[in-house]
Amino acid sequence: MERQGVSSAATDGAEGPGDRSTGYWIGRGMLGLFSLPGMILLVSFSGFAAFAAQSGIPMAQAVFMTAVIWALPAKVILVGSIVSGAPLIAAFLAVTLSSIRLMPMIAALVPEIRTRETPTWALLLVSHLIAITAWVMAMQRVQAVPRAHRFAYVTALGLTLTLSSMTLVALVYPFVATFPPLVAGCLFFMTPVYFLASIWSSARQRVILVALVVGLAIGPFAAIAFPDIDILISGIGGGTLAWAIERAWRKREERAA
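Residues numbered from 1 in each chain as written. Predicted model: local features only at pLDDT ≥ 70, side-chain atom pairs only at ≥ 80, totals over all residues. Heavy atoms only, no water.

For the protein chain, the name recorded in an unreviewed UniProt entry is AzlC family protein, with Xaviernesmea oryzae as its organism.

## Thoughts on the overall build of the protein chain
Each helix and strand in the protein chain was counted, giving 13 helices and zero strands. Buried positions account for 41% of the 257 residues belonging to the protein chain. Of the contacts made within the protein chain by residues no fewer than 6 positions apart, 75% connect residues no fewer than 24 positions apart. (Helix = DSSP H or I, 4+ residues; strand = E, 2+ residues; numbered from the N terminus. Buried < 20%, exposed > 50% of the residue type's maximum accessible area, 1.4 Å probe, protein only. Contact = heavy atoms within 4.5 Å.)

## Overview of the packing of helix α4 (residues 59-68) against helix α10 (residues 147-176)
Viewed as axis vectors pointing N to C, α4 and α10 meet at an angle of 165 degrees, and their least axial separation amounts to 9 Å. Between α4 and α10, the angle falls in the class roughly antiparallel. Here the hand of the crossing between α4 and α10 comes out right-handed. Along its contact with α4, which presents M59, A62, V63, T66 and A67, the element α10 presents T162, S165, M166, V169, A170 and Y173. (Axes fitted to C-alpha atoms, helices over the stretch in contact; angles between N-to-C directions. Parallel < 35°, antiparallel > 145°, perpendicular 65-115°, else oblique. Left-handed = near helix turned anticlockwise from the far one by under 90°.)

## Digging into a positive patch on the surface
Residues R247, K251, R252 and R255 make up a contiguous surface patch of positive charge. In this structure, R255 sits in helix α13 (residues 230-256). (Patch = residues over 30% accessible without salt bridge, like charges linked within 9 Å, V, L, I, M, F, W, Y side chains within 5 Å. Areas by Shrake-Rupley, 256 points an atom, 1.4 Å probe, with all protein chains shown as cover. Salt bridge = Lys/Arg side-chain N within 4 Å of Asp/Glu carboxyl O. Lys, Arg positive; Asp, Glu negative; His and termini not counted. Charge placed at Lys NZ, Arg CZ, Asp CG, Glu CD.)

## Observations regarding the pattern of salt bridges
Under the definition given, this model contains two salt bridges. Residues R150 and E112 are paired through a salt bridge, measuring 3.5 Å at the closest nitrogen-oxygen approach. Of this pair, R150 sits in helix α10 while E112 sits in helix α7 (residues 102-113); the two residues are 38 residues apart in sequence, bridging distant segments of the chain. Classification of R150 as buried rests on a relative accessible area of 8%. The residue E246 makes a salt bridge to R250 at a minimum N-O spacing of 3.1 Å. Residue E246 and its partner R250 are located together in helix α13, separated by four residues, close to a single helical turn. R250 sits in the partly exposed class, given a relative accessible area of 48%.

## Some points on helix α3 (residues 36-54)
For α3, which comprises 19 residues, the first-to-last C-alpha distance of 27 Å matches the rise-based estimate of 27 Å (1.5 Å per residue) to within 8%. Residue G56 follows α3 closely and has a positive phi angle near 85 degrees. (Expected span 1.5 Å × (residues − 1).)

## Comments concerning the UniProt feature "transmembrane region" (unreviewed entry) in the protein chain
Those residues carrying the UniProt feature "transmembrane region" (unreviewed entry) are residues 30-53, 59-78, 85-109, 121-139, 151-176, 182-200, 207-225 and 231-249 in this numbering. Here residues 231-249 runs as 100% helix and 0% strand, with 26 Å between its end C-alpha atoms. (UniProt positions renumbered as here; feature names shortened; annotations may be inferred.)

Here you go:
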């Protein structure tokens, strides 16, 4: 007689998710590269390679950026700042402010993957591998992974995306610099499209959407008035105005309630 609470998979001898080895979940994480988000990410990095090559950034530096600045928009901001001749402090602040948005993502993901045995240094390491693509994929899939294997799964996913992007930049760099302007433009256009679509789809609070819209609206005017620090102004201005708009909305809703 079957015991109550035993799943049908267990009673008929089938292997359940909890019976899989760590190696299996590492493999599942690596296979995330071949998903639609993974392919879009690689195409976007082709655009970044074209942007870096045509901006005069050496290949070694472009690959190094891919490794140490694991957020595509931050790399685009850095290259744009270098090309525009922006002061070092302005470039530093722009890249920092762009990357700070990843901190809430890490704060949401770490409790899902840590165990009592997970060392802090390992969590810090995997945090470096998390950008929008890895975070969205991890948050969508990690609940189906046994907790004991979640850290291995997310690490494999993030590391595979990082190393594949570095390899792609190195491979396509010699060719994208000689592409016709239209082709290079289309590749590069994938970068902002990917960035905007990822931010929009992963946003869980309306203030993020407002900040995105306001920042896009401010951008062209900031580029004309303050070309050296236009990205910094768009980011700070868009975020500040979005916060003010969100605050006004909340007060109105509270009064209406």
